[in-house]
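Residue-level structural notes
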Amino acid sequence: MTIQDRPEYTAHRHCIYNRAELERSRDIGCFSCMKIFHNAQLINEYCDGGETALCPCCSKDSLIGDASGYPITMTFLHGMHEIWC
Ligand SMILES: [Zn+2]
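What comes next concerns the included structure. (Residues numbered from 1 in each chain as written. Predicted model: local features only at pLDDT ≥ 70, side-chain atom pairs only at ≥ 80, totals over all residues. Heavy atoms only, no water.)

1. Here we look at the overall build of the chain
When you go through the chain residue by residue, the secondary structure sums to 3 helices and 5 strands. For the chain, the α and β elements follow one another from N to C terminus as α-α-β-β-β-β-β-α. Here the C-alpha coordinates of the chain stretch approximately 35 × 25 × 20 Å along the principal axes. By sequence separation, contacts in the chain at least 24 residues apart represent 62% of the contacts at least 6 residues apart. As displayed, the chain offers around 4,800 Å² of accessible surface, 49% of which is attributable to carbon and sulfur atoms. (Helix = DSSP H or I, 4+ residues; strand = E, 2+ residues; numbered from the N terminus. Contact = heavy atoms within 4.5 Å. Areas by Shrake-Rupley, 256 points an atom, 1.4 Å probe, with all protein chains shown as cover.)

2. Focus on the coordination of the zinc ion
Within the protein, the atoms that donate to the zinc ion are Cys 30 (SG), Cys 33 (SG), Cys 55 (SG) and Cys 58 (SG), at distances of 2.3 Å. Coordination at the zinc ion comes from 4 donor atoms whose angles at the metal span 107 to 114°, giving a geometry best classed as tetrahedral. For the zinc ion, all donor residues lie on one chain, and their spacing in sequence is C-x2-C-x21-C-x2-C. (Donors = N, O, S within 2.8 Å, 3.2 Å for Na, K, Ca; no water. Tetrahedral: all angles 85-135°; square planar, octahedral: opposite > 155°, others 65-115°.)

3. A look at the nonpolar core
Of all hydrophobic cores here, the largest spans 10 residues; its members are Ala 11, Cys 15, Phe 31, Met 34, Ile 64, Tyr 70, Ile 72, Phe 76, Leu 77 and Met 80. Ranked by residue count, the leading element in this core is helix α3 (residues 74–84), at 3 residues. Ala 11 has contacts with Ile 64, Tyr 70, Phe 76 and Met 80, leaving out every residue within four places of it along the chain. Judged by nonpolar contacts, the second largest core, of 9 residues, contains Cys 30, Phe 37, Ala 40 and Cys 55. (Core = buried A, V, L, I, M, F, W, Y, C linked by side-chain atoms within 4.5 Å. Buried < 20%, exposed > 50% of the residue type's maximum accessible area, 1.4 Å probe, protein only.)

4. Observations regarding the sheet that holds strand β1 (residues 28–30)
Spatially, 3 strands are ordered β2-β1-β5 in an open sheet, and the strand pairing comes out antiparallel. Sheet topology places β2 (36–37) and β5 (63–65) at the edges, where each strand pairs with a single neighbour. Pairing of β1 with β2, which is carried by 2 bridges, proceeds in the antiparallel orientation. Across the sheet, Ile 28 pairs through a bridge with Phe 37, a residue of β2. (Pairing = 2+ DSSP bridges.)

Rendered as structure tokens:
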């Protein structure tokens, strides 16, 4: 399996233009600072014309929500962190 086939790689497209998806998510994780939170209302910064959410903890565009279909766990976030950070 190449790195491009790993779910931690393909999940990255859910980190941009993800405002609506995060608002549908119960669990939201940041693969930059490794925080998991449970309320999209904590997000108060966006970029890309208001469509890409920025992490309330570290202000990076590295949030993914469970509405993406990917698991929001520390293990998964660590995997994304290794690939993308
Ligand atoms: Zn963060």
